[in-house]
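# Coordinate inspection notes
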Amino acid sequence: MLLSIRHRTHYRYEPAAARVALKLKLFPAITASQRPRSWTVTVNGEAPQMRLVNSYGDEEAVWLGHEGASEVEVLAEGVVSTSDTQGVIRGWKMAARPAMFLRETRLTAPSEEIAALARGATAGKHGLAAAHALSAAVREAVDYRTGSTDAESTADEALRQGAGVCQDHAHLLIAGARTLGAAARYVVGYLFVSEGDQPELATEQETHAWAELWIDGLGWVGFDPSNRICPTDHYVRLAAGLDARDAAPLRGSVTGTMAESLSAEVQVTQAQQ
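Before going into details, it helps to say that this report is about the structure given with it. Model, not experiment: these values are computed from the prediction. Per-chain numbering applies: the sequence of each chain, read as written, is numbered from 1 onward. In keeping with the model being predicted, local features are shown solely for residues with a pLDDT of at least 70 and side-chain atom pairs are shown and tallied solely at 80 or more, while totals for entire chains, interfaces and linings include all residues. Side-chain figures throughout are based on the complete set of non-hydrogen atoms in the structure, without hydrogens or water.

## Focus: the nonpolar core
We call a set of buried residues a nonpolar core when its members are Ala, Val, Leu, Ile, Met, Phe, Trp, Tyr or Cys and they connect through side-chain atoms within 4.5 Å of each other. Type-normalised accessible area, obtained with a 1.4 Å probe on protein chains alone, sets the label of each residue: buried when under 20%, exposed when over 50%, and partly exposed for intermediate values. Core analysis: the largest hydrophobic core is formed by 58 residues, its most contacted members being L24, L26, V72, V74 and L213. With residues up to four places along the chain from it excluded, the contact list for V74 reads H7, R8, T9, Y11, L22, L24, L26, T42, V43 and L250. In terms of nonpolar packing, the next biggest core, distinct from the first, is built from nine residues, A29, Y56, A96 and L242 among them. Whether two residues touch is decided by their heavy atoms; if any such pair falls within 4.5 Å, the residues are in contact.

## Here we look at the sheet that holds strand β2 (residues 19–27)
Strand pairing is assigned whenever DSSP detects at least two bridges linking the two strands. Put simply, DSSP H or I for four residues or longer makes a helix, DSSP E for two residues or longer makes a strand, and each gets a number counted from the N terminus. Read from one edge of the open sheet, four strands run β4-β5-β2-β13, paired in antiparallel fashion. Each edge of the sheet is formed by a strand with only one pairing partner; in this case those strands are β4 (49–53) and β13 (250–255). For this sheet, the mean inter-axis angle between neighbouring strands, taken without regard to orientation, is 15 degrees. Here β4 runs beside strand β5 (residues 59–65); their pairing, made up of three bridges, is antiparallel. Across the sheet, V53 pairs through a bridge with E59, a residue of β5. Where helices are involved, their axes are fitted lines through C-alpha atoms of the stretch in contact, as for all axes, and angles between N-to-C directions lie from 0 to 180°.

## A look at the pattern of salt bridges
Salt bridges are defined by distance alone: a side-chain nitrogen of Lys or Arg within 4 Å of a carboxyl oxygen of Asp or Glu. Taken as a whole and judged by the stated rule, the model has 14 salt bridges. R139 is paired through a salt bridge with D143; the nearest N and O atoms lie 3.9 Å apart. Residue R139 is classed as buried on the basis of its relative accessible area of 8%. The residue R185 makes a salt bridge to E212 at a minimum N-O spacing of 2.7 Å. Here R185 is found in strand β9 (residues 184–191), whereas its partner E212 is found in strand β10 (residues 208–215), with 27 residues between them in sequence. For the pair shown, R185 and E212 are each scored as buried.

## Some points on the sheet that holds strand β1 (residues 2–17)
Strand order in the open sheet formed by four strands is β3-β6-β1-β14, and the pairing between neighbours is antiparallel. One side of each edge strand has no neighbouring strand; the edge strands of this open sheet are β3 (34–43) and β14 (259–270). Pairwise comparison of adjacent strand axes, ignoring direction, gives a mean angle of 10 degrees for this sheet. Where β3 meets strand β6 (residues 69–82), nine bridges bridge the pair, whose relative direction is antiparallel. The partner of S38 across the bridge, within β6, is V79.

## Thoughts on the packing of helix α1 (residues 112–122) against helix α4 (residues 166–179)
Taken N-terminus to C-terminus, the directions of α1 and α4 make an angle of 75 degrees; their axes are 8 Å apart at the nearest point. Overall, the two elements α1 and α4 adopt an arrangement that is roughly perpendicular. Here I114, A115, L117 and A118 of α1 lie close against α4, whose contacting residues are L172, A175, G176 and T179. Under the grouping applied here, Gly and all other residues not named as nonpolar or charged are polar, the nonpolar ones being Ala, Val, Leu, Ile, Met, Phe, Trp, Tyr, Cys and Pro and the charged ones Asp, Glu, Lys and Arg. Of the residues assigned to the contact of α1 with α4, the class counts are six nonpolar, two polar and no charged. Here the angle decides the label: under 35 degrees means roughly parallel, over 145 means roughly antiparallel, 65 to 115 means roughly perpendicular, and every other value means oblique.

## Topic: the pairing of β10
Most of β10 is tucked away: seven of the eight residues are buried. Pairing of β9 with β10 involves six bridges; the strand directions are antiparallel. Within β10, the position partnered with Y186 by the bridge is A211. Across five bridges, the pairing between β10 and strand β11 (residues 219–223) is antiparallel. Looking at the pairing, A211 lines up with F223 of β11. Here β10 hands over to β11 after three residues, with G217 in that stretch at a positive phi of 90 degrees.

Here is the structure:
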């Protein structure tokens, strides 16, 4: 499949910020399941500097605005060719060992309830079968409900209230997998939603989130509990991390005292071959 993507993020500062620093993880990697045909990232019309590949294997860049800025526009756009590898990540290297993704964070901290969910879902199962069972159990335990959580909600909070969005599903799957000793990481990217798919995922999410679990003999495998599937050729992977904060496509800092407003929009359409 050929997907055309336009991701625009707009910041406004009143009064103008004295200094703005942004870290951008907006560069789709080349893997067996995706290959950018064309891709550009600009900040206020200019390409960001200091591009590098981090220890996770994801490309990132830094943009610094030293002069007063009242508006900052980040635009990532291009065309990506995708194929369905049933969620298995192939043809991509990273420096960090899988064990690094056993680390807990505040958003993915395990609880007795999370551990019990993981044990119950995977009893008598191993490897890939256990991962599929845990992903299904997460979706059954947490209904997809927009507005029920926020960016600071933890996996345990989502499980206790039984509702959340893709970020919460991913955090809960990661937390549950780690209680079983399986490395797991948070992934952010884009999702093309066509007729017959779940439309609420396209309208409520600026980007989409899922998880990847390390399966012995296969490597990293993606699971999207929100849609009850492994990522297909409808998905474009941007970056991974320990949790949503660590994998965020955009993070930054602002110097000065001002009011900040933020708007973001993502358009993902099928392009002509």
